[in-house]
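Per-entry structural report
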Amino acid sequence: MSTHQYDHGHTVAGWVGFGIATVGAGVAGLGVCTVSGVLIAGGVAIGVVSLLVTWALHLVGWGKGPGLRPRAEWGWRVRDSAAPGGHAECLACRLAGRGRGASEVVPVMPAQRESEPETVAAAGADSVR
């Protein structure tokens, strides 16, 4: 169990992503110091890889969704129990097609007012095209 008193979000996905991004920043920084476009591009590419690895680890349960987790899941080596269904307010889950629950509002066309009669032209407007 973790010794800290707050859910800081320390996760495997966060630490691995941070480690890879640190290497990418170091490579890009070395490229700036040596004026090497190849090293700068390589550092940026490593940064993109760190985003993808972090995203993949989050989706398989080694990350953390927005908000507080249950206290039993505060340890950084504990998998997220809500990951398979996705987190409702999580951009990473929405990009993967997860986290869209039944509580989400689906946009619907506004209903016709009772005082307005439906005209034949309006009813068949889509089929005329």
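Definitions and cut-offs
Residues numbered from 1 in each chain as written. Predicted model: local features only at pLDDT ≥ 70, side-chain atom pairs only at ≥ 80, totals over all residues. Heavy atoms only, no water. Helix = DSSP H or I, 4+ residues; strand = E, 2+ residues; numbered from the N terminus. Contact = heavy atoms within 4.5 Å. Expected span 1.5 Å × (residues − 1). Buried < 20%, exposed > 50% of the residue type's maximum accessible area, 1.4 Å probe, protein only. Arc of directions from axis to C-beta. Patch = residues over 30% accessible without salt bridge, like charges linked within 9 Å, V, L, I, M, F, W, Y side chains within 5 Å. Areas by Shrake-Rupley, 256 points an atom, 1.4 Å probe, with all protein chains shown as cover. Salt bridge = Lys/Arg side-chain N within 4 Å of Asp/Glu carboxyl O. UniProt positions renumbered as here; feature names shortened; annotations may be inferred. Phe/Tyr/Trp six-rings, centres within 6.5 Å; stacked < 30°, edge-to-face > 60°. Axes fitted to C-alpha atoms, helices over the stretch in contact; angles between N-to-C directions. Parallel < 35°, antiparallel > 145°, perpendicular 65-115°, else oblique. Nonpolar A, V, L, I, M, F, W, Y, C, P; charged D, E, K, R; others polar.

Per an unreviewed UniProt entry, the protein chain carries the name HGxxPAAW family protein and comes from Streptomyces massasporeus.

The helix and strand inventory of the protein chain stands at five helices and zero strands. Start at the N end of the protein chain and walk to the C end: the helices and strands fall as α-α-α-α-α. Across the protein chain, every contact between residues at least 6 apart in sequence was considered, and the portion connecting residues at least 24 apart equals 52%.

Compared with the 32 Å implied by 1.5 Å per residue over 22 residues, the 32 Å span of helix α1 (residues 12-33) between its first and last C-alpha is a close match. Every buried residue belonging to α1 is among V12, A13, G17, G24, A28 and G31, and all of these are buried. Taken end-on, α1 shows its buried residues confined to a sector of 125°, consistent with a single buried face. Among the exposed residues of α1, those oriented more than 90 degrees off its buried face are F18, A25 and C33. Remark: V35 follows α1 within two positions and exhibits a positive phi of approximately 55°.

A few words on a nonpolar patch on the surface. There is a patch of nonpolar side chains on the surface, built from V32, I40, V44, V48, L52, W55, L91 and L95 and spanning about 740 Å² of accessible area. Contributing elements (two or more residues each) for the nonpolar patch: α2 (37-62) and α3 (91-95). Top contributing element to the nonpolar patch by residue count: α2, with five residues. Within the secondary structure, L52 sits in helix α2.

In this section: the UniProt feature "transmembrane region" (unreviewed entry) in the protein chain. UniProt records the feature "transmembrane region" (unreviewed entry) at residues 12-32 and 38-61, using the numbering of this structure. The distance separating the terminal C-alpha atoms of residues 12-32 is 30 Å; by composition the span is 100% helix and 0% strand. Helix makes up 100% of residues 38-61 and strand 0%. Its end C-alpha atoms lie 35 Å apart.

So, on to the packing of aromatic side chains. Under the defined criterion, the tally for this structure stands at one aromatic pair. Their ring planes at 90° and their centres at 6.3 Å tell us that W15 and F18 sit as a pair that is edge-to-face. On the criterion of helical spacing, the pair formed by W15 and F18 is a turn pair, its members being three residues apart in helix α1. A relative accessible area of 44% means that W15 is categorised as partly exposed.

This paragraph deals with unusual backbone geometry. The phi dihedral of V35 falls on the positive side, at around 55°, and the residue is not glycine. Here V35 shows up in the loop between α1 and α2. Its relative accessible area of 74% is what places V35 among the exposed residues.

Turning to the packing of α1 against α2, a few remarks are in order. Relative orientation of the contacting elements α1 and α2 amounts to 175°, with a least axis distance of 7 Å. The angle between the axes of α1 and α2 places the two elements in the roughly antiparallel class. Per-class residue counts for the contact of α1 with α2 are 16 nonpolar, eight polar and no charged.

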